[in-house]
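# Working through the structure, step by step
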Amino acid sequence: GEDVEQSLFLSVREGDSSVINCTYTDSSSTYLYWYKQEPGAGLQLLTYIFSNMDMKQDQRLTVLLNKKDKHLSLRIADTQTGDSAIYFCAERGNTDKLIFGTGTRLQVFP
Amino acid sequence: DVKVTQSSRYLVKRTGEKVFLECVQDMDHENMFWYRQDPGLGLRLIYFSYDVKMKEKGDIPEGYSVSREKKERFSLILESASTNQTSMYLCASGRSISYEQYFGPGTRLTVT
């Protein structure tokens, strides 16, 4: 079945760039998403990319999609302490269901 | 702004109790979802509903049931709570053709 994988932890210094990676298995994915979960809160959609795109930029966020390798990444430029959270990658195939990764906990230190 | 609310932020129940988790959305969305979130496992879909009185099993429906009598409300029911159902439960809603799901704040359920 479909599977989405992420590393569990990432630690970066404030001001550096963060890159969170994700791999997925479903080649029929139509949309791929990045969600952010702050402590004690639900998930908030950060950005998404349609499967026929290679890159999407939105302010400090850059999403790169390598469809051949089924690899998605989220780059956060100038990472701030407020970016500390869990980041979930998710993919959507031909249904309304989302398949989520395990989440990557990003820790930003001064 | 889309709002998805869940009836409780924290809940403590005893083994064997019947537990109801309520979710309400105010944007007339067709689809509603229940997930559970566990460390290292991400979000796993329990059940979803694409219309009133309609439901579909997700990836881990065992031990759960759902009810959707009104479009805005989707309830998750644990018929007889067990300790392995201790988890964070997240509700979400969305339109059928929309790319986005909107999440509630979550209910942290502890079964003792």
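Residues numbered from 1 in each chain as written. Chains lettered and ligands numbered in written order. Predicted model: local features only at pLDDT ≥ 70, side-chain atom pairs only at ≥ 80, totals over all residues. Heavy atoms only, no water.

## Considering the state of the cysteines
All names here are of chain A. Our working rule: Any cysteine sulfur atom paired with another within 2.5 Å is treated as part of a disulfide. Secondary structure elements are taken from DSSP: a helix is a run of H or I of four residues or more, a strand is a run of E of two residues or more, and numbering for both begins at the N terminus.
In this structure the tally under the stated criterion is two disulfides over all chains. Residue C22 pairs covalently with C89 via a disulfide, S to S 2.0 Å. With the S-S bond torsion at -60°, the cross-link from C22 to C89 turns out left-handed. Pair noted here: C22 is in strand 3 (residues 18–24) and C89 is in strand 9 (residues 85–92), with a separation of 67 residues, a long-range link.

## Observations regarding unusual backbone geometry
Basically, it comes down to this: Partly exposed residues are those whose accessible area sits between 20% and 50% of the maximum for their type, while under 20% is buried and over 50% is exposed, using a 1.4 Å probe and protein chains only.
Positive phi outside glycine occurs at K70 of chain A, with the angle close to 55°. By the secondary structure assignment, K70 of chain A is in the loop between strand 7 (61–66) and strand 8 (71–76). The backbone phi angle of D28 of chain B is positive, close to 60°, even though this residue is not glycine. Assessed through its relative accessible area of 47%, D28 of chain B is described here as partly exposed.

## What about the pairing of strand 8 of chain A?
All names here are of chain A. Rule in force here: Here the rule is simple: two strands pair whenever DSSP picks up at least two bridges between them.
Bridge analysis of strand 3 against strand 8 gives six bridges, and the strand direction is antiparallel. Directly across from T23, in strand 8, lies its bridge partner H71. Hairpin connection from strand 7 to strand 8: four residues lie between these consecutive antiparallel strands, with K70 at a positive phi of about 55°.

## Considering the interface of chain B and chain A
The cut-off we apply is this: Any two residues whose heavy atoms approach within 4.5 Å at even a single point are treated as in contact. Distance and chemistry together define a polar contact, namely a pair of N or O atoms within 3.5 Å, with one atom able to donate a hydrogen and the other to accept it when in protein, and with adjacent residues in sequence counting only for side-chain atoms on both sides.
Between chain B and chain A, the contact holds 22 residues from the first and 19 residues from the second. Across the chain B-chain A interface, the total number found is three residue pairs in polar contact (both at pLDDT 80 or more). Looking at the side of chain B that touches chain A, the elements that each hand over two or more residues are strand 4 (31–38) and strand 5 (42–49) of chain B.

## Quick notes on the environment of T5 of chain B
Residues and elements named next belong to chain B. Locating T5 in the fold gives a position in strand 1 (residues 4–6). A relative accessible area of 33% places T5 in the partly exposed class. Linking T5 and P61, residues 56 residues apart in sequence, is a C-alpha distance of 22 Å. Discounting chain neighbours no more than four positions away, the residues touching T5 are E22, C23 and V24.

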